[in-house]
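# Summary of the model geometry
Given next are the chains, with one letter for each unit.
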Amino acid sequence: MNRRDFIKTGSLAASLPLALSMAAQAQTPLSSPKKVITRKSGTLSWLEGVEPHDKAGTSWGQPWAQGELKRGQELRLVDAKGENVPLQTWTSAYWPDGSIKWTAHAVPANTSLGQQFKVEKGKTLAPNKPVKVSQSANDIVLDNGVFRCVIGKSGQHIIKRLERNGQVIGQNAKLVGLRQDQPEHDAEYSAAVEAFESVIQKVTVEQQGPVRATVKIEGKHRTASGREWLPFTLRCYMYAGGESLRISHSFIYDGEDGSDFIRGLGLRFEVVQRDELYNRHVRFVGENDGLWAESPQGITGLRRDPGKAVREAQIAGIATPPLSEWDERVSSRMHWIPVWNDFTLSQLNANGFAIKKRTKAGHAWIDSDQGHRASGVSYLGGASGGILFGMRDFWQLHPVQIDIRNAGSELAQATMWFWSPDAPAMDVRFYHDGMGQDTYEKQLDALNVTYEDYEPGFGSAQGVARTTEFTLAVMAATPSREQTVEMAKSIQLPAQIVAAPQDYLASGVFASLFSLPDRSSPEKAAIEDRLAWQVEFYKTQVDQRHWYGFWNYGDIMHTYDTDRHVWRYDIGGFAWDNSELSPDLWLWLSFLRSGDATTFRLAEAMTRHNRDVDIYHAGQFKGLGSRHNVQHWGCSAKQLRISTAAYRRFHYYLTADERTGDVLNEVINADEALATLNATRKVAQHNPLPGKAKIGVGTDFGSAAANWLTAWERTGDKKYKSWLKNAMTVIGDHPQGFFAGGFGYEPKTKTLLPYPDEGPSLSHLSSVFGLIEICAELNQLIDVPQFKAAWLRYGRFYNASKAEQEAEFGESFNGNSLTVAHSRLTAYVAMVTGDKKLAHRAWQEFSKEWGGKKTIGTVPVSGPAVLNPIDEAAWVSTNDAAQWGLAAIQNLALIPAALD
């Protein structure tokens, strides 16, 4: 039906606009208005709106409408000037008819595309300097004509050599670490410290160019005693025409939390030094384009002046004039000028870094400088070449550190520590002793006060992961100060290409459960204002509340404490959110409709966190995620609703990120965990099918369906479609449909088994972890009429009056809360059936809990109640924010005319 066919009504127009305008007036701006980036339909553009100065090579994803792009059709990239640009393309998803749904692309380094450009059908160009991959028995060689990277197939060295212009610039890159058996090392006792390093087990060439080559390296870390642990996956990326190697590294914590305390984790490599001591350079990029730049043997500031040309050359990083042209009073006394061999930049928290140096081991460190937030980018080398290296999200993922050693020798060493050895050892033990909660009855009683679902042994970090991204740029000369800063920016925040919101919408991906921003009426403008405000609020909260750190960055908190003026970081399930009630979905759909860079970066950081930290990638809970808690892994509720692909697939399709793709693969069969862990075990529900697993029709089925759907569209394998269709048929054929609540389950065959003689029931959580969005896609892609009818019935009657429920089921339901969240269910039914009355009911439901009854906005708070001035949300739950945002977005998309 035409969504604009709904008639206007006086009652809704009298209530909702007033409520929303009241809310809008309550808002306090968090910052000056952002620059609006205009994204033109049919074109691509840079996420932040500006083409980066440093062009290191970029990858992205692009959607296509069903039937628009066939398999085998070639694509080309046309820049802003209309010229054909080399492009590498691969398919990341298919429509049911076999046409291509998502493509992924890579563009060479040092390619200027302009502000707006496009991918279209046509023959692409080959790059002038393509990436070539060759293999021998022991090595894999990547060569783009600018530099060569030799990757080992075994042993400890992941990268054996980095070569440029026929010379080895860097070599022997490996992963290193330190482990101790006690959490602290102090005067009271001595912790035994043990070193370990990487061991390669498997190497796979995933892409061979011509624009981008990708090599996947898998292995573990080995201690001196021979123990192998901390499995890792590392990918090396080389782009045509570039001088940088990008590295993505993920590891899984599989240690014993009571005895395996990680003291350091890092990537270490060597740099070959050929220049004179005074023509060698060490640089650290600080903040606000600041640069700390010195030489191991400085010749400025001396009592005698070597000459202006000499000083200026060293400062600029270029070769100095010959010694014979120096002032003899300096050149004859060079042996008296100290050589600084060792340098360290440490960032142990989000708000302070320090630089120090020393001449050699056994002598004192000298404090050099301090700052707020370092970029995590350094250079080590000389006027004839070196390595510029850095780490993405450096200060955000503290404690981190950069060490440079032996800069005065022929073979210097650099280590990028993604867990600093200067910080306290990593401690992942559960944060309390259980307080006597040794039975389910006690645990449920404690849940009533702390909202924490505790169970002994379930708060383990065994199996969680973390990813770090590095860059090694092989330089033919010391980069200029300006070039160093620009390269640091691209390492800190890699450039991202995106399509226009109009094109995401027109393609039909994600069932088009979003619309473009619409401010055509005061009511709609008020909703749009609040949607934008919520994103800006969380952006500000991340910084004000310092939601940073190795395990924390990317997540947000669950609920606010208005008495302490803090988020409830220390109270059970009120602390870290762990995707509770789908903030991920809200942010990604918000980006798709707006194209807003802030929204994308919040969603990206969240996905990069929860795909690693909130999911178990190994061990007894593999495939499941952890419910919200003081620690990301602390809750004993290990569930599919946290690990679901529904939250991660956006990031994979938009960015072509292979790490996210790995996690999507990991969870394809995560439903098998239902056979070994019953999520409802503590409430002792009767199982009508003894010996069979249970699968909830809400969060369990929705999560499994998202995993299978993503696998189906990524591979085109009809096996996954059959799993979906069979499950949909069982649900649709059941007399209660989605009101059945749950089914028996055989995970090996993916078979749902109806419970005998089960009456209708519902849960307020069933639909708010991606089920609404996934069911919309299932109905779009697979024709199972009875499933669609069951879904429409569920949407019509969840928020219906008790009288309507009793007329349909012979009884009414308790527990059908989250009215605002479920208003989009009502809206979906209204849109599909053309029921105008239901459409207006949806808008009334949407305004019921929020429309001005709770003030939104921020209240500045300072004084003795808080450590620092802050902005406090007058509404205090991330759940409410996420579900309000999703309801607003989807109602505006499904039934916009009902609000006119």
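Along each chain, residue indices are assigned from 1 in the same order as the chain's sequence is written. Owing to the predicted nature of the model, reporting of local features is limited to residues with pLDDT of at least 70; listing and counting of side-chain atom pairs is limited to 80 or more, with chain, interface and lining totals taken over all residues. Heavy atoms throughout the structure, all of them, feed into the side-chain values; hydrogens and water do not.

### Notes on the overall build of the chain
For helices the rule is a DSSP run of H or I covering at least 4 residues; for strands it is a run of E covering at least 2, with both sets numbered from the N terminus onward. Check the secondary structure of the chain and you find 20 helices and 37 strands. Values of the radius of gyration come from C-alpha atoms, whereas the globule rule sets the reference at 2.2 Å times the count of residues to the power 0.38. In terms of overall dimensions, the chain is globule-like: its C-alpha atoms have a radius of gyration of 29 Å, near the 29 Å expected for 900 residues. Seen through its principal axes, the chain has C-alpha atoms that stretch 100 × 70 × 60 Å. Exposure categories follow from relative accessible area, calculated using a 1.4 Å probe and restricted to protein chains: below 20% of the type maximum is buried, above 50% is exposed, and the middle band is partly exposed. Across the 900 residues in the chain, those meeting the buried criterion constitute 60%. In the chain, 69% of the contacts between residues at least 6 apart in sequence involve partners at least 24 apart. For the accessible areas, the method is Shrake-Rupley and the probe is 1.4 Å, while residue cover comes only from the protein chains on display. Accessible area for the chain stands at about 33400 Å²; split by element, carbon and sulfur atoms hold 50% of it. Should any heavy atoms of two residues lie within 4.5 Å, those residues are counted as being in contact.

### Some details on the packing of helix α8 (residues 583–594) against helix α20 (residues 878–894)
Where helices are involved, their axes are fitted lines through C-alpha atoms of the stretch in contact, as for all axes, and angles between N-to-C directions lie from 0 to 180°. For the pair α8 and α20, interaxial distance at closest approach is 8 Å and the crossing angle is 40 degrees. Viewed along their axes, α8 and α20 adopt a mutual orientation that is oblique. The element α8 and its partner α20 pack so that their crossing is left-handed. Where α8 abuts α20, its residues P583, L585, W586, L589, S590 and R593 lie against T878, A881, A882, G885, L886, I889, Q890 and L892. As a working rule, the residues Ala, Val, Leu, Ile, Met, Phe, Trp, Tyr, Cys and Pro are called nonpolar, Asp, Glu, Lys and Arg charged, and the rest polar, with Gly in that last group. Here the contact of α8 with α20 is composed, by residue class, of nine nonpolar, four polar and one charged. Reported orientations rely on four angle classes, namely roughly parallel under 35 degrees, roughly antiparallel over 145, roughly perpendicular from 65 to 115, and oblique for the rest. Whether a crossing is left-handed or right-handed is set by the direction in which the near helix is turned from the far one by less than a right angle, anticlockwise for left-handed and clockwise for right-handed.

### With respect to empty space enclosed by the protein
The distinction between a cavity and a pocket rests on a 1 Å grid over the protein atoms alone: a 1.4 Å probe fits inside a cavity but cannot get out, while a pocket stays open yet meets protein on both sides within 12 Å along at least five of seven lines, and a residue with an atom within 4 Å of a point counts as lining. Grid points are joined across faces, edges and corners, and a volume is the space filled by probe spheres set on the points. The full count for this structure, using the stated rule, is eight cavities of 30 Å³ or more. The space that makes up the largest cavity amounts to roughly 570 Å³. For the lining of the largest cavity, the secondary-structure elements that each account for two or more residues are β2 (58–63), β15 (228–239), β16 (244–252), β27 (465–475), α5 (481–492), α9 (597–610), α11 (649–655) and α12 (658–666). In terms of residue count, β16 provides more of the lining of the largest cavity than any other element does, four residues in total. Across the lining of the largest cavity, the residue classes tally to eleven nonpolar, ten polar and twelve charged.

### Here's the deal with the sheet that holds strand β33 (residues 693–696)
Two strands are counted as paired when DSSP detects at least two bridges linking them. Spatial ordering of the open sheet is given by β33-β34-β35, a layout of three strands whose pairing is antiparallel. Taken across any chain shown, the strands that pair with only one partner, and hence form the sheet edges, are β33 and β35 (751–753). Neighbour to neighbour, the strand axes of the sheet diverge by 45 degrees on average, direction disregarded. Inspection of the sheet shows β33 paired to strand β34 (residues 742–746) by four bridges, in the antiparallel sense. The residue of β34 that forms the bridge with I695 is F743. Each of β33 and β34 is contacted by helix α13 (residues 699–715), which is oriented at about 85 degrees to β33, the strand it contacts most.

### Section: the layout of surface pockets
Estimated volume of the second largest pocket: approximately 1300 Å³. Q639, T680, Q685, S763 and L765 are the residues nearest the centre of the second largest pocket, which is lined by 49 residues in total. Counting only elements with at least two residues in the lining of the second largest pocket, the list comes to α4 (440–450), β33, α13, β34 and α20. Take the lining of the second largest pocket: its biggest share by element is three residues, from β33.

### As for the sheet that holds strand β3 (residues 75–78)
Adjacent strands of a sheet form backbone hydrogen bonds with each other and so pair up, either parallel or antiparallel. If you trace the five strands from one edge of the open sheet to the other, you get β4-β3-β7-β1-β28, paired in antiparallel fashion. Every other strand in the sheet has two partners, leaving β4 (84–85) and β28 (497–499) as the edge strands with one partner each.

### Concerning the pattern of salt bridges
When charged atoms on two side chains of opposite charge get close, those side chains can pair. Any Lys or Arg side-chain nitrogen located within 4 Å of an Asp or Glu carboxyl oxygen qualifies as a salt bridge. Under the defined criterion, the tally for this structure stands at 59 salt bridges. Salt-bridge contacts for D289 lead to K489; the nearest nitrogen and oxygen are separated by 3.7 Å. Of this pair, D289 sits in the loop between β18 (280–285) and β19 (291–294) while K489 is found in helix α5, placing the two residues 200 residues apart along the sequence. Of the residues examined, D289 reaches a relative accessible area of 48% and is grouped as partly exposed.

### A look at unusual backbone geometry
Put simply, G209 and P210 share a cis peptide bond, and its omega is 10 degrees. Mapping P210 onto the fold places it in the loop between β13 (193–208) and β14 (212–223). Cis geometry marks the peptide bond from H398 to P399, where omega comes out at 5 degrees. The residue P399 is located in the loop between β24 (385–391) and β25 (400–405) in this model. One non-glycine residue, L230, adopts positive backbone phi at about 50 degrees. Its location among the elements puts L230 in strand β15. Since its relative accessible area comes to 0%, L230 is described here as buried.

### A few points about the packing of aromatic side chains
What counts as a ring pair is set by centres within 6.5 Å for rings of Phe, Tyr and Trp (its six-membered ring), and what kind of pair is set by the plane angle: stacked under 30 degrees, edge-to-face over 60, tilted for all other angles. The full count for this structure, using the stated rule, is 49 aromatic pairs. Note on F284 and W292: the rings are 5.5 Å apart at their centroids and 40 degrees apart in plane angle, and the pair reads as tilted. Given a relative accessible area of 9%, W292 falls into the buried group. Relative to F470, the ring of F418 has its centre 5.7 Å away and its plane inclined at 55 degrees; by these criteria the two rings are tilted.

### Details of the side chain of D139
Tracing the chain through its elements places D139 in strand β9 (residues 139–143). At 2.6 Å, the side chain of D139 and the side chain of K160 are in polar contact. When sequence neighbours within four positions are dropped, the list of residues in contact with D139 reads S134, V150, I151, G152, K153 and K160. Throughout this description, a polar contact denotes any pair of N or O atoms lying within 3.5 Å of each other; where both atoms belong to protein, one of them has to be capable of donating a hydrogen while the other can accept it, and for residues adjacent in sequence the pair is counted only when both atoms sit in side chains.

### Observations concerning the packing of α13 against helix α14 (residues 718–733)
Contact geometry of α13 with α14 gives a least axis separation of 8 Å together with a crossing angle of 150 degrees. For the element pair α13 / α14, the angle class is roughly antiparallel. Along this stretch, α13 crosses α14, giving a crossing that reads as left-handed. Listed contacts from α14 to F701, A705, W708, L709, A711, W712 and T715 of α13 are K718, Y720, K721, W723, L724, A727 and I731. Of the residues that constitute the contact of α13 with α14, the class distribution is eleven nonpolar, one polar and two charged.

### Considerations on the nonpolar core
Generally speaking, soluble globular proteins have nonpolar side chains that are buried together. We call a set of buried Ala, Val, Leu, Ile, Met, Phe, Trp, Tyr and Cys residues a nonpolar core when their side-chain atoms join them within 4.5 Å. Judged by nonpolar contacts, the single largest core of 226 residues is most densely connected at L142, I159, L245, F389 and F738. Sort the elements by how many residues they give to this core and α20 lands first, with nine residues. Look past the residues within four positions of L142 in its chain and what remains in contact with it is K132, V133, F147, R148, C149, I151, A213, V215, M238 and L245. Grouped together as the second largest cluster of nonpolar side chains are nine residues, V377, Y379, L388 and M475 included.

### Let's talk about the pairing of strand β17 (residues 261–272)
Taken across its twelve residues, β17 has ten buried, putting it largely inside the fold. For strand β12 (residues 167–180) and β17, the ladder comprises nine bridges, and the chain directions are antiparallel. Bridge pairing in β17 places Q180 opposite F261. Judged from the eight bridges that link them, β17 and strand β26 (residues 411–419) form a sheet pairing that is antiparallel. Across the sheet, residue L267 finds its bridge partner in β26, namely M416.

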